[in-house]
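Each chain, letter by letter, is given below.
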Amino acid sequence: STGTLLWTAPYSTNPGRTTDLARDSLGFIDASSFMINTTPSSFTQFGLQKFNPDTGALIWDRRVGTFADRLRFKRTTNVVIDSTDRIYLIGNINLGADYFNVQTVFITTYDTAGTELGIAVVQPRGRWTWAISAIVDSEDNLIIAGSTGDTNPLQDYECGIVTKYD
């Protein structure tokens, strides 16, 4: 790479962030994101976008959750693609109505056309379990690394965790 800018692809008018990128077998680029609604405050919505690798044109944009879900959806952390081009969007959510309730990992899957194939909420190991990184192995198993812990003052702990799903 010479460092020459080839394209830039803004895709959201809401304040938001892109958190990860992956490339499918045809070279198309998938981006995980979350959008922040500034009113009432800090409500988020997960996003998955597919871009043309040559032009940066947005092919499709999918959203998980709504701003009405309040603080339930926190943020995406990863997007990974397996050998069949199945897309895994991974993030962290609250299981309760406020920020300090149980937090855990959220996984939703899509095909290459952007059709939602399934949603899973991972059972937390402690009071909270967070996804930080993810890969797909050679057998298309999803492996997520992160941390888990408890906010109980008598049992305050945090430890790293690696989980594997078929």
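It should be noted that the structure appears before, not after, this text.
Residues numbered from 1 in each chain as written. Predicted model: local features only at pLDDT ≥ 70, side-chain atom pairs only at ≥ 80, totals over all residues. Heavy atoms only, no water.

Undergrad: A description of the nonpolar core should follow, citing residues and the corresponding values.
TA: Soluble, globular proteins show a tendency: their nonpolar side chains are buried together. In terms of nonpolar packing, the biggest core is built from twelve residues, these being Ala22, Phe46, Leu48, Trp60, Val64, Val79, Ile81, Ile87, Leu89, Ile93, Phe106 and Tyr110. Listed by contribution, the elements that provide at least two residues to this core are β3 (43–51), β4 (58–64), β5 (73–81), β6 (87–94) and β7 (103–110). In terms of residue count, β6 provides more of this core than any other element does, three residues in total. Once residues within four sequence positions are removed from consideration, Ala22 is found in contact with Phe28, Ile29, Asp30, Val79, Val80 and Ile81. Membership of the second largest hydrophobic core comes to ten residues, among which are Tyr88, Ile90, Ile107 and Ile144. (Core = buried A, V, L, I, M, F, W, Y, C linked by side-chain atoms within 4.5 Å. Buried < 20%, exposed > 50% of the residue type's maximum accessible area, 1.4 Å probe, protein only. Helix = DSSP H or I, 4+ residues; strand = E, 2+ residues; numbered from the N terminus. Contact = heavy atoms within 4.5 Å.)

Undergrad: Tell me what's going on with the packing of aromatic side chains, and back it up with residues and numbers.
TA: Applying the stated rule across the entire model yields one aromatic pair. Judged by centre distance (5.5 Å) and plane angle (70 degrees), the rings of Phe46 and Phe106 are edge-to-face. With Phe46 in strand β3 and Phe106 in strand β7, the pair connects residues that are 60 residues apart, well separated along the chain. For Phe46, a relative accessible area of 0% gives the class buried. (Phe/Tyr/Trp six-rings, centres within 6.5 Å; stacked < 30°, edge-to-face > 60°.)

Undergrad: Give a description of the environment of Asp137 that names residues and reports values.
TA: Take Asp137: it is sitting in the loop between β9 (128–136) and β10 (142–150). Separated by 55 residues in sequence, Asp137 and Asp82 place their C-alpha atoms 8.1 Å apart. Reaching out from Asp137, the side chain makes a polar contact with the backbone nitrogen of Asn141 at a distance of 2.8 Å. A polar contact of 3.3 Å, which involves the side chain of Asp137, links it to the side chain of Lys164. (Polar contact = N/O pair within 3.5 Å; in protein donor to acceptor, adjacent residues only side chain to side chain.)

Undergrad: Explain the environment of Thr8 to me, using residue names and the numbers behind them.
TA: Relative to the helices and strands, Thr8 resides in the segment before β1 (16–23). On the basis of relative accessible area, Thr8 is assigned to the exposed category, the value being 61%. Thr8 sits 47 residues away from Thr55 along the chain, and the two C-alpha atoms are 8.8 Å apart.

Undergrad: Tell me what's going on with the pairing of β6, and back it up with residues and numbers.
TA: In terms of burial, β6 is largely enclosed, as eight of its eight residues are buried. Covered by surrounding structure in β6 are Ile87, Leu89, Gly91 and Ile93 together with Tyr88, Ile90, Asn92 and Asn94, the residues of both alternating faces. In this structure, β6 lies alongside β7, joined through eight bridges in antiparallel fashion. Among the inter-strand pairings, Ile90 is bridged to a residue of β7, identified as Ile107. (Pairing = 2+ DSSP bridges.)

Undergrad: Describe in detail the side chain of Ser147, supporting the description with residues and values.
TA: Tracing the chain through its elements places Ser147 in strand β10. What makes Ser147 buried here is its relative accessible area of 6%. Contact partners of Ser147, with chain neighbours within four places excluded, come to Trp128, Thr129, Trp130, Ile132, Glu158, Cys159, Gly160 and Ile161.

Undergrad: I'd love a proper account of unusual backbone geometry, names of residues and values included.
TA: Of note, Asp85 is a non-glycine position whose phi angle comes to about 70 degrees, a positive value. Structurally, the position occupied by Asp85 is in the loop between β5 and β6. Take Asp85: its relative accessible area is 12%, and that puts it in the buried class. Backbone geometry at Asp140 places phi at a positive 65 degrees, although glycine is not the residue there. Among the secondary structure elements, Asp140 is positioned in the loop between β9 and β10.

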